[in-house]
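Residue-level listing of the chains:
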Amino acid sequence: MTAVREVDFLIVGGGLAAAACAAELREAGADGAILLVGREPDPPYDRPPLSKEYLRGEQQRSDAYWKPESFYAERAIELATRTSVMAIDPGERSAKLSNGETVRWKRGALLATGANVRRLRAEGADLEGIHYLRTFGNADAIRADVERAERVALVGGSFIACECAASIVSRWNKPCELVMLEDEPLERQFGPVVARAIGGLLRDRGVVTNGGEEVERFEGDGRVRAVVTKSGKRIAADCVIVGVGAVPDVMLARRAGLALGESGGVACNERLETSAPGIYAAGDVCEYRSALHGGPLRVEHWDTALNHGRHAARNMLGANEPYDTVPYFFSDLADWLSLEYVGSGGGEAVVRGSLDDRSFTVFYVADGRVRAAVTAGDRSGELEQARRLIESGHTVDSDRLADPSSDLAAL
């Protein structure tokens, strides 16, 4: 017979959004049983180190844990690792687990199922030595391969590829080549102005960049030996890391009949509640109607996952508040460059500082308003002022934004 039990709060997903939700429930005074179900063997952990400190062997597995395992026991949060939720029934307020249990929740549920890596469908994509990065196990396999590789190719021009290339060159000094659709690294995230500066930095450090190239196939003899592009370029490599984005894991939500959003996430209102009353979503899977930016928004940021989880917890307890936190993200390219980013959306790139010296703040201005900003170097004060400008929605003068002598606070 199937075991059935009740909890007050069911949290689906073993990442930071889920952990932050559980912790905030207790912090905000929730009593009753909290069950957090995650399919990975580890407790919730930070993923950014997977392409940085952990990949380079500078950080232990437990160092990346968001909180020690004792944190959950001390707060009476039941942590079910190595367990998947197979199905949820919004009407019955129940979930079926991979261990055979059926769990009913009484007060609220959170979907924080994260995202899955986007896989390349190309000839030879199943050859040994081709890697994707999402978990500790992926990072362990990449490190082992890189240590014995002669040449490394990285497919994609986004954070995973750029951060891994920087880690590999700085730690092992192995030849690395990027193969990307974009002309410059991180162009989709930051636009051509900033991307050219980042591309220049990578090239200065020995990373070869192949822009405007699409993978046609991988060649090998059981193990990958080369990446071949549609233009005919052949890039020798016996280790390949693919970082071409991620897709929100909405399988559970789709099966449950929850509404999905325009960009493929779980559609949520301004309070992060899904189309099923009492079920919230957070993190990579959440596509919410932004009270700050307007329209649906899905942001795959580490900081957003934490804030989503906390906000959903408060709304489960009756706060009924719209989510209006400005998204934040960071990226470190080894010890070469640190980038911090706030906001969402593009616009005219207004540069304050020096791109050549890689010490700058770039504001993205649309309709006279700052929508986002990225900084390089130690410019945290300007980043905070950018956040305030985004929150205020005030119109600004681009010349004053660019003038390093102007007082941003006065804007």
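Structure: above.
Counting restarts for each chain: residues are numbered from 1 in the order of the written sequence. This being a predicted model, a pLDDT of at least 70 is required before a residue's local features are given, and a value of 80 or more before pairs of side-chain atoms are given or counted; all residues contribute to the totals for chains, interfaces and linings. Heavy atoms from the whole structure form the basis of all side-chain values; hydrogens and water molecules are not counted.

Colleague: Would you mind going over the packing of aromatic side chains with me for this structure?
Modeller: Aromatic rings in a pair are described by how distant their centres are and how their planes are angled relative to each other. Aromatic rings from Phe, Tyr and Trp, with only the six-membered ring used for Trp, were paired whenever their centres fell within 6.5 Å, and each pair was classed as stacked if the ring planes differed by under 30 degrees, edge-to-face if by over 60, and tilted otherwise. Summed over the entire model, instances satisfying the criterion amount to 10 aromatic pairs. Connected via pairs of aromatic rings, a cluster forms that spans F159, F190, F329, F330 and Y341.

Colleague: Honestly, unusual backbone geometry in this entry has me stumped. Any pointers?
Modeller: Glycine aside, a negative phi is what most residues show, and trans is what most peptide bonds show. At R93, a position not held by glycine, the phi torsion is positive, near 55 degrees. Summary of the burial criterion: residues with accessible area below 20% of their type's maximum are buried, those above 50% are exposed, and those between are partly exposed, where the area comes from a 1.4 Å probe applied to protein chains only. Judged by relative accessible area, which is 24%, R93 ranks as partly exposed. For L272, which is not a glycine, the phi torsion comes out positive at approximately 70 degrees. Strands here are runs of E lasting at least two residues and helices are runs of H or I lasting at least four, both read from the DSSP assignment and numbered beginning at the N terminus. Tracing the backbone through its elements, the reader meets L272 in the loop between β17 (266-268) and β18 (279-281).

Colleague: Please clarify how the state of the cysteines should be interpreted in this entry.
Modeller: Working definition: the covalent bond between the sulfur atoms of two cysteines is a disulfide. Cysteine sulfur atoms are paired as a disulfide whenever they fall within 2.5 Å. Throughout the structure, instances matching the rule amount to 0 disulfides. With no disulfide of its own, C21 has C286 as its nearest cysteine by sulfur position, at a separation of 12 Å. Taking the relative accessible area as the measure of exposure, C21 reaches 0% and is therefore buried. No disulfide involves C164; its nearest neighbouring cysteine sulfur is the one of C176, lying 9.1 Å away.

Colleague: Any chance you could explain the pairing of strand β2 (residues 34-37) here in plain terms?
Modeller: One face of the sheet, then the other: side chains in a regular strand alternate in exactly this way. Side chains of β2 alternate between two faces, with I34 and L36 and L35 and V37 buried alike. As for the winding sense of the linkage, the β-α-β connection from strand β1 (residues 4-12) through helix α1 (residues 16-27) to β2 is right-handed. Strands qualify as paired when DSSP identifies two bridges or more between them. Sheet topology note: the β2/strand β3 (residues 77-80) ladder contains 4 bridges and is parallel. By the bridge assignment, L35 is partnered in β3 with E78. As a crossover connection, the stretch from β2 through helix α2 (residues 69-74) into β3 is right-handed. Note on handedness: a clockwise path from strand one over the helix to strand two, with the strands aimed away from the viewer, defines a right-handed crossover.

Colleague: Even after reading the chapter, I still don't get the sheet that holds strand β23 (residues 348-354), so can you show me in this structure?
Modeller: What links the strands of a sheet is backbone hydrogen bonding, and the strands pair in either a parallel or an antiparallel sense. As summarised here, the arrangement of the 5 strands in space is β21-β22-β25-β24-β23, forming an open sheet in which the pairing is antiparallel. The outermost strands of the open sheet, each flanked by one partner alone, are β21 (328-333) and β23. Each adjacent strand pair in this sheet contributes to an overall mean axis angle of 15 degrees, direction not counted. Both strand β24 (residues 359-366) and strand β25 (residues 369-376) contribute to a ladder of 7 bridges, which runs antiparallel. Bridging across to β25, T361 finds its partner in T375. When checking whether two residues touch, look at their non-hydrogen atoms; a contact exists if any pair is within 4.5 Å. To get an axis, a line is fitted to the C-alpha atoms, and for a helix only the part in contact is used. The angle between two axes follows their N-to-C directions and goes from 0 to 180 degrees. Set on the sheet, helix α8 (residues 380-392) makes contact with β21, β22 (337-343), β23, β24 and β25; between it and β25 the angle comes to about 165 degrees.

Colleague: I would appreciate a short explanation of the sheet that holds strand β10 (residues 176-179) in the present structure.
Modeller: An order of β8-β15-β9-β10-β11 is seen for the 5 strands of this open sheet, with the pairing classed as parallel. Each of the sheet's edge strands pairs with one partner strand only, and the pair in question is β8 (130-132) and β11 (208-210). Within this sheet the neighbouring strands show an average axis-to-axis angle of 20 degrees, counted without direction. Where β8 meets strand β15 (residues 239-242), 3 bridges bridge the pair, whose relative direction is parallel. When the bridges of β15 are listed, I130 appears paired with V240.

Colleague: Can you walk me through the nonpolar core in this structure?
Modeller: Within soluble globular proteins, side chains that are nonpolar generally end up buried alongside one another. In terms of nonpolar packing, the biggest core is built from 56 residues, with L10, I11, L25, W66 and L110 touching the most fellow members. In terms of residue count, α1 provides more of this core than any other element does, 9 residues in total. Apart from residues lying up to four places away in sequence, L10 is in contact with L35, V37, A95, W105, G108, A109 and L110. Think of a nonpolar core as a cluster: buried Ala, Val, Leu, Ile, Met, Phe, Trp, Tyr and Cys residues, connected wherever their side-chain atoms sit within 4.5 Å. Counting 47 residues, the second largest nonpolar core, distinct from the first, contains Y54, C164, L178 and Y341.

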